[in-house]
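# Per-entry structural report
What follows is the residue order along each chain.
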Amino acid sequence: MQLFRPTDLHDDATREALAPRAAEYLLRIKGDLRLGLPVALKDAGTVALVAWVETLTDARLAALSALGHPQLVVTAHRAAALGLPETGAGETVTLDVPQAAGLAWLTAIAGQAAVTAEEPAVPAPQTVPVTAAGSVLHRAAIALAKAEQMLPAALVVPLGEDAELVRRLDLTVMSAADVIAALERDQPQHPISSARLPMDVSEAGHVHVFRSGNGGEEHYAIEIGAPDLTGPVTVRLHSSCFTGDVLGSRKCDCGAQLRGAMSAMAETGGGVLLYLNQEGRGIGLANKMRAYTLQDAGLDTVEANQWLGFEDDERDFRIGANMLHRLGIAQVRLMTNNPAKIAILAAQGIEVIERVPLHQGRTGWNDRYIATKIAKSGHLPR
Ligand SMILES: Nc1nc2c(ncn2[C@@H]2O[C@H](COP(=O)(O)OP(=O)(O)OP(=O)(O)O)[C@@H](O)[C@H]2O)c(=O)[nH]1
Ligand SMILES: [Zn+2]
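What you see is a predicted model; the values in this text were computed from it and never measured.

Next up on the list: the domain arrangement of the protein chain. Per the domain assignment, the segments making up the protein chain are domain 1 (6-184) and domain 2 (189-278 + 315-376). A separation of 35 Å is found between the C-alpha centroids of domain 1 and domain 2.

In structure tokens:
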């Protein structure tokens, strides 16, 4: 006679359905790192503990340093800002963390804080070579920070093959290669809800909210007027700018472009505004404010991003193409001065039949910003 055992309920199909997938594990990893909890990343049989400098505490730094010799991983742009020798663009650079270095040294090297008077003898950073396994792990640590709009600087403590320690510490573990693959994957956007919205520019309009399955930001599509979505549609692909869109900042042209595009759509038979939550060209508002402080000290908008370790532009415009596909829009008249937006929509199967220039928003304060976008970021001039 067969006895019933409760474990019989946990058959393979149940386990398969309920076990977290890579994208879901990724969200746990991101959550832990945001809280300042270290995570364990694996590659090629080795494991390392990883924490972001931005959320690290003195206590956790001390505990991590007791487990092994920590390294600080930064981007090639940040290493260049520190005056270190050139490396390949897009690569990570690994720095030795000197014995005497505390959190103040780490935040200063990461570009988060100025060097403080309490730590006057800041040792100059020294690069250390990394193994192939280390480099995948380091790329994952940096990609995670950028994906969460944190400064791209990570403390890494290699533990060799000591996976048992990680188990005892009850930390979240993931393969570094899986992290990179999950972060790079194109995320389909799903329409979640929509409603009619009368607006100043047009009393006919709808807001559609989209979400991807990976727990990332929500993005919005706003129909202005009643555009025919089956034909060519006038579209504005706009990245959020809290300072420009909401506060009326004079430092950029975003708010004027947003309102100008909406009015033009209302006056020309309707259109669709895609409002992507990609504040600060994808570096987030906290880093944008750091970049603004650097701009007040003389850097331009591109140099400031790079000084903090970011690329000039960290946005993923595939999100906009995915939303257009879900709305059934195949052909667009795109309102932009940015050729990168046109190229990515085209590569994602959206036909851009016309570019509509958007040159509103000169304030007297943003001449250098607009000139830099033309000179360095390929923006089309007036
Ligand atoms: N990092 C950074 N981001 C900025 C700065 N000024 C504005 N932004 C951001 O830049 C983005 C501008 O978005 P868009 O206007 O859609 O894009 P664009 O690349 O200027 O292209 P078009 O306006 O379409 O020509 C927004 O995410 C702003 O928050 C800045 O000085 N530094
Ligand atoms: Zn702006």
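Near ligand 1 you find 26 residues, and of these Arg 236, Gln 257, Thr 336, Lys 341 and Lys 373 are the closest. In this structure, Ser 239 approaches ligand 1 through a main-chain N or O atom, which is 2.9 Å from an oxygen atom. Within the contact set of ligand 1, an oxygen atom lies 2.8 Å away from a side-chain nitrogen or oxygen of Arg 315. With respect to the pocket detection grid, ligand 1 is positioned in the second largest pocket.

Moving on, we come to the UniProt feature "binding site: GTP" (unreviewed entry) in the protein chain. UniProt records the feature "binding site: GTP" (unreviewed entry) at Arg 236, Leu 237, His 238, Ser 239, Ser 240, Gln 257, Glu 279, Gly 280, Arg 281, Thr 301, Thr 336 and Lys 341, using the numbering of this structure. The annotated residues that sit in the lining of the second largest pocket are Arg 236, His 238, Ser 239, Ser 240, Gln 257, Gly 280, Arg 281, Thr 301, Thr 336 and Lys 341. Residue classification places Ser 240 among the buried positions, given a relative accessible area of 8%. Contact partners of Ser 240, with chain neighbours within four places excluded, come to Asp 245, Tyr 275, Leu 276, Asn 277, Gln 278, Glu 279 and Gly 280. You can see Thr 336 is positioned in the loop between strand 12 (331-335) and helix 14 (339-347). From its side chain, Thr 336 meets the backbone nitrogen of Asn 338 in a polar contact 2.9 Å long.

Applying the stated criterion across every chain yields a total of one aromatic pair. Centre to centre, the rings of Tyr 220 and Tyr 275 are 6.2 Å apart; their planes meet at 15°, and the pair counts as stacked. With Tyr 220 in strand 9 (residues 219-224) and Tyr 275 in strand 11 (residues 271-276), the pair connects residues that are 55 residues apart, well separated along the chain. Exposure remark for Tyr 220: the relative accessible area of 28% places this residue in the partly exposed category.

Below, the discussion takes up the coordination of the zinc ion (ligand 2). In this structure, Cys 241 (SG), Cys 252 (SG) and Cys 254 (SG) serve as the protein donors to the zinc ion (ligand 2), at separations of 2.1 to 2.2 Å. Along the chain, the residues that donate to the zinc ion (ligand 2) are spaced as C-x10-C-x1-C. Residue Cys 252 is classed as buried on the basis of its relative accessible area, which comes to 5%. Taking relative accessible area as the criterion, Cys 254 reaches 12% and is therefore assigned buried.

Applying the stated criterion across every chain yields a total of 19 salt bridges. Lys 30 serves as the salt-bridge partner of Glu 148, at 3.5 Å between the closest nitrogen and oxygen. Pair noted here: Glu 148 is in the loop between helix 6 (132-147) and strand 5 (153-158) and Lys 30 is in helix 2 (residues 22-35), with a separation of 118 residues, a long-range link. In this structure Glu 148 comes out as buried when scored by relative accessible area, which is 17%. Of the residues examined, Lys 30 reaches a relative accessible area of 9% and is grouped as buried. Where Lys 146 meets Glu 314, a salt bridge forms, and the shortest distance between an N and an O atom there is 2.9 Å. With Lys 146 in helix 6 and Glu 314 in the loop between helix 12 (301-307) and helix 13 (318-327), this pair connects stretches of sequence that are 168 residues apart. Given a relative accessible area of 19%, Lys 146 falls into the buried group. Via salt bridges that share partners, Lys 30, Arg 34 and Glu 148 belong to a single interconnected network.

Definitions and limits used
- Residues numbered from 1 in each chain as written.
- Chains lettered and ligands numbered in written order.
- Predicted model: local features only at pLDDT ≥ 70, side-chain atom pairs only at ≥ 80, totals over all residues.
- Heavy atoms only, no water.
- Domains from an automatic or database assignment.
- Near = heavy atom within 4 Å.
- Polar contact = N/O pair within 3.5 Å; in protein donor to acceptor, adjacent residues only side chain to side chain.
- 1 Å grid on protein atoms, 1.4 Å probe; cavity = no way out; pocket = protein on both sides within 12 Å on 5 of 7 lines; lining within 4 Å.
- Sits in = over half its atoms within 2 Å of the grid points.
- UniProt positions renumbered as here; feature names shortened; annotations may be inferred.
- Buried < 20%, exposed > 50% of the residue type's maximum accessible area, 1.4 Å probe, protein only.
- Contact = heavy atoms within 4.5 Å.
- Helix = DSSP H or I, 4+ residues; strand = E, 2+ residues; numbered from the N terminus.
- Phe/Tyr/Trp six-rings, centres within 6.5 Å; stacked < 30°, edge-to-face > 60°.
- Donors = N, O, S within 2.8 Å, 3.2 Å for Na, K, Ca; no water.
- Salt bridge = Lys/Arg side-chain N within 4 Å of Asp/Glu carboxyl O.

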